[in-house]
Amino acid sequence: MLNDQDVIMADEQQIKVAVLGGGSFGTALASIAADNGAQVRQWMRDEALVAQINQEHRNGRYLPDYPINPAVEASTDLETVLVGAELVLIAIPSKAFRSVVQAAKPWLTAQQILVSTTKGIEQEGFLLMSQVLEQETGFTHIGVIAGPNLASEIADKQLTATVIASADALTRTRVQQVLGCRYFRVYASNDRHGVELGGALKNIYAIAAGMAAALGMGENTRSMLMTRALAEMSRFAVAQGANPMTFLGLAGVGDLIVTCSSNLSRNYRVGYALGEGRALEAAVEALGQVAEGVNTVKLVCAKAEELGVYMPLAEGLKRVLFDGVPAQEMARTLMLGEQSSDVEFILPREAVQQAHREQTSPPRVAVSKGDVHE
């Protein structure tokens, strides 16, 4: 039986977690942390949603059928949510990410662990969300969460795994302790840049996969699409300093598979609507949520051109989304491109291209001096 001193010690050891964002993933993580015994406060702008979470323990907008742990306290006040929190999970769409972090800064401290769950890129400077956190705070305990994490399945307590990536061991360990449970497994990585790029880039190809499905393309096509997407993702990320091995993990191939295969994926659903012939604006409006891949396509294509990285799928998708090119052209772009290496970290693209040049150039004929007539 616990005595009063035991209760006091238990309270002192209870970790305090702040979640910024009232979307589906932030809500699921808040409830998991509370299930694990953390004291959790969740910030969002919508007063009606705050009231619903506090009174009904339900997020009717994003996860209407998910019973949120009653210990989660929602608030529209950043100070109330952030003061005293050891771990801050930031689940804000990329377009609003920096402004929310700036608003939160008066109540952030260097001892806090700041973790982004946002899979997007800021246009100005091509910055990932963890880089925005570094810019705005200068803190050292910074990490990212990414992986095949459809929030609705997490809410249903389906077996799920994710990755916490950080150069900081404390950040990795604390997130594993706070969020790891019988149905949500948290793996660690020290390649923050690679994990975060994987999470952002796969959104592009989920749109392409949705289009392909709507156009009636088969399983062979989808397999090719995902595999070549993985090649593009890793090629681009390595040019940015990431480790190519990261893309064999949950934040690479794992996240790519789920977002390219499931109609629960927002980006997949946008792509499917486009494949059915809807305009981009109508597809996004019908979704009712942010599909980060739409914002990411132009940014990645521009950066790839700057770096000289070959990304035919991304470029083809950009033309479909923004230049009025029919969706069927996306597949044609892939099939008409140069046949190069499969895994270029084993056989470099340049070596295949050089072999093509050598095999297609006219053969050299040796001419002896005696054959030359003056």
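Predicted, not measured: the structure shown is a model, and the values here were computed from it.

Q: Any details on the nonpolar core? Residues and values, ideally.
A: Here is a general trend for soluble globular proteins: nonpolar side chains tend to be buried in one another's company. Core analysis: the largest hydrophobic core is formed by 46 residues, its most contacted members being Tyr205 and Phe236. When contributions to this core are tallied by element, the ones reaching two or more residues are helix H9 (192-214), helix H10 (219-239), helix H11 (250-261), helix H12 (266-275), helix H13 (280-287), helix H14 (292-307) and helix H15 (312-322). If you tally residues by element for this core, the top one is H9, at 10 residues. The next biggest cluster of nonpolar side chains, apart from the first, holds 36 residues, and it includes Ala28, Tyr66, Val175 and Val178.

Q: I'd like a description of the environment of Arg278, backed by residues and values.
A: Checked against the element boundaries, Arg278 lands in the loop between H12 and H13. For Arg278, a relative accessible area of 42% corresponds to the partly exposed category. Residues in contact with Arg278, not counting those within four places in the same chain, are Ala273 and Ala286.

Q: Just give me the short version of the packing of aromatic side chains, but keep the residues and values in it.
A: For any pair of aromatic rings, the description consists of the separation of the ring centres together with the inter-plane angle of the planes. Going through the model one piece at a time under the given rule, you end up with 2 aromatic pairs. It is Lys298 that lies over the ring of Phe322; its NZ or CZ is 4.4 Å from the centre.

Q: Requested: an account of unusual backbone geometry, with residues and values cited.
A: Its identity is not glycine, yet His57 carries a phi of approximately 55 degrees, on the positive side. Among the structural elements, His57 can be located in the loop between helix H3 (47-56) and strand S3 (73-75). One non-glycine residue, Lys157, adopts positive backbone phi at about 60 degrees. Tracing the chain through its elements places Lys157 in the loop between helix H7 (151-155) and strand S9 (160-165).

Q: Please give an account of the side chain of Thr296 that cites residues and values.
A: Relative to the helices and strands, Thr296 resides in helix H14. Judged by its relative accessible area of 1%, Thr296 falls in the buried class. Non-local contacts of Thr296, meaning those with residues more than four positions away in its chain, are made with Ile121, Ala200 and Ile204.

Q: Which residues make up the pairing of strand S2 (residues 39-43), and what are the values?
A: Alignment of strand S1 (residues 16-20) against S2, held across 5 bridges, turns out to be parallel. Bridge assignment links Ala18 to a residue of S2, and that residue is Arg41. Crossover connection from S1 via helix H2 (residues 24-35) to parallel S2: handedness right-handed. Examined bridge by bridge, S2 and S3 share 3 bridges and lie parallel to one another.

Q: Report on the sheet that holds strand S4 (residues 87-90), specifying residues and quantitative values.
A: Spatially, S3-S2-S1-S4-S5-S8-S9-S10 is the arrangement adopted by the 8 strands of the open sheet, whose pairing is mixed. Pairing within the sheet leaves two strands with one partner each, and these edge strands are S3 and strand S10 (184-189). Between one strand axis and the next, the sheet turns through 25 degrees on average, direction left out of account. Packing against the sheet, helix H6 (residues 129-137) makes contact with S4, strand S5 (113-116) and strand S8 (142-146), and its axis sits at approximately 160 degrees to S8.

Q: Residues and numbers for the packing of H9 against H14, please.
A: When two helices pack together, their arrangement is given by the angle between the helix axes and by the axis-to-axis distance. Running from N to C, H9 and H14 cross one another at 105 degrees; their axes reach a closest spacing of 8 Å. Considering the angle they form, H9 stands roughly perpendicular to H14. Along its contact with H9, which presents Ala200, Leu201, Asn203, Ile204 and Ile207, the element H14 presents Glu292, Gly293, Val294, Thr296, Val297 and Val300. For the contact of H9 with H14, a count of residues per class yields 7 nonpolar, 3 polar and 1 charged.

Q: Please give an account of the pattern of salt bridges that cites residues and values.
A: Taken as a whole, this structure holds 14 salt bridges when the rule is applied. For the salt bridge of Lys105 with Glu136, the shortest nitrogen-to-oxygen distance reads 3.3 Å. One end of the pair, Lys105, is in the loop between helix H5 (94-104) and S5; the other, Glu136, is in helix H6, and 31 residues separate them in sequence. When salt bridges that share partners are traced, they join Arg98, Lys105, Glu122 and Glu136 into one network.

Q: Explain the side chain of Ser24 to me, using residue names and the numbers behind them.
A: Structurally, the position occupied by Ser24 is in helix H2. Sequence-distant contacts of Ser24, defined by excluding residues within four places in its chain, comprise Tyr62, Leu63 and Ala151.

Q: Describe H3, listing the residues and the values that go with them.
A: Where H3 is concerned, the buried positions are Leu49, Val50, Gln52 and Ile53. For H3, the angular spread of the buried residues around the axis is 165 degrees, confining them to a single face. Opposite its buried face, H3 presents the exposed residues Glu47, Ala48 and Gln55, each directed more than 90 degrees away. Buried-residue contacts for H3 involve S2 and S3. The backbone nitrogen of Ala48 lies 2.9 Å from a side-chain oxygen of the residue at the head of H3, namely Asp46. Looking one or two residues past H3, His57 carries a phi angle of roughly 55 degrees, positive in sign.

Q: Break down a nonpolar patch on the surface for me, with residues and values.
A: Residues Val343, Phe345, Ile346 and Leu347 make up a contiguous nonpolar surface patch of roughly 390 Å² in combined accessible area. For Leu347, a relative accessible area of 43% puts it in the partly exposed group.

The rules behind these values
- Every chain begins its residue count from 1, and numbering advances along the sequence as written.
- The model is predicted, so local features are restricted to residues of pLDDT at least 70 and side-chain atom pairs to those at 80 or more, both for listing and for counting; the totals for chains, interfaces and linings are taken over all residues.
- Only hydrogens and water are removed before side-chain values are computed, so all heavy atoms of the structure are retained for them.
- Put simply, a nonpolar core is a bunch of buried Ala, Val, Leu, Ile, Met, Phe, Trp, Tyr and Cys residues held in one set by side-chain atoms that sit within 4.5 Å of each other.
- For the exposure calls, accessible area comes from a 1.4 Å probe over protein chains only, and a residue counts as buried if that area is under 20% of its type's maximum, exposed if over 50%, partly exposed in between.
- Think of it this way: any DSSP run of H or I at least four residues long counts as a helix, any run of E at least two long counts as a strand, and we number them from the N terminus.
- Only heavy atoms enter the contact rule, under which two residues are in contact if any of them lie within 4.5 Å.
- Aromatic pairs are defined between Phe, Tyr and Trp rings, using the six-membered ring for Trp, whenever the two ring centres lie within 6.5 Å; interplanar angles under 30 degrees are classed as stacked, those over 60 as edge-to-face, and all others as tilted.
- Whether a charge sits over a ring depends on NZ of Lys or CZ of Arg being within 6 Å of the ring centre and within 35 degrees of the ring normal.
- Think of it this way: DSSP has to see at least two bridges between two strands before they count as a pair.
- Orienting the strands away from the viewer, one traces the path from the first strand over the helix to the second; a clockwise path indicates a right-handed crossover.
- Comment: axis = line fitted to C-alpha atoms, over the contacting stretch for helices; angle = value between 0 and 180 degrees taken between N-to-C directions.
- Orientation is classified from the angle alone, with under 35 degrees giving roughly parallel, over 145 giving roughly antiparallel, 65 to 115 giving roughly perpendicular, and any other angle giving oblique.
- Polar here means any residue other than Ala, Val, Leu, Ile, Met, Phe, Trp, Tyr, Cys and Pro, which are nonpolar, and Asp, Glu, Lys and Arg, which are charged; Gly is therefore polar.
- Any Lys or Arg side-chain nitrogen found within 4 Å of a carboxyl oxygen on Asp or Glu counts as a salt bridge.
- Here the arc refers to the set of directions running from the helix axis out to each C-beta atom.
- Pairs of N or O atoms are called polar contacts if they sit within 3.5 Å, as long as, within protein, a hydrogen donor faces a hydrogen acceptor (for residues adjacent in sequence, only side-chain-to-side-chain pairs).
- Residues enter patches when their relative accessible area tops 30% and they take part in no salt bridge; the joining distance is 9 Å for like charges and 5 Å for the nonpolar side chains Val, Leu, Ile, Met, Phe, Trp and Tyr.
- Using the Shrake-Rupley algorithm and a 1.4 Å probe, accessible areas are obtained, with residue cover drawn only from the displayed protein chains.

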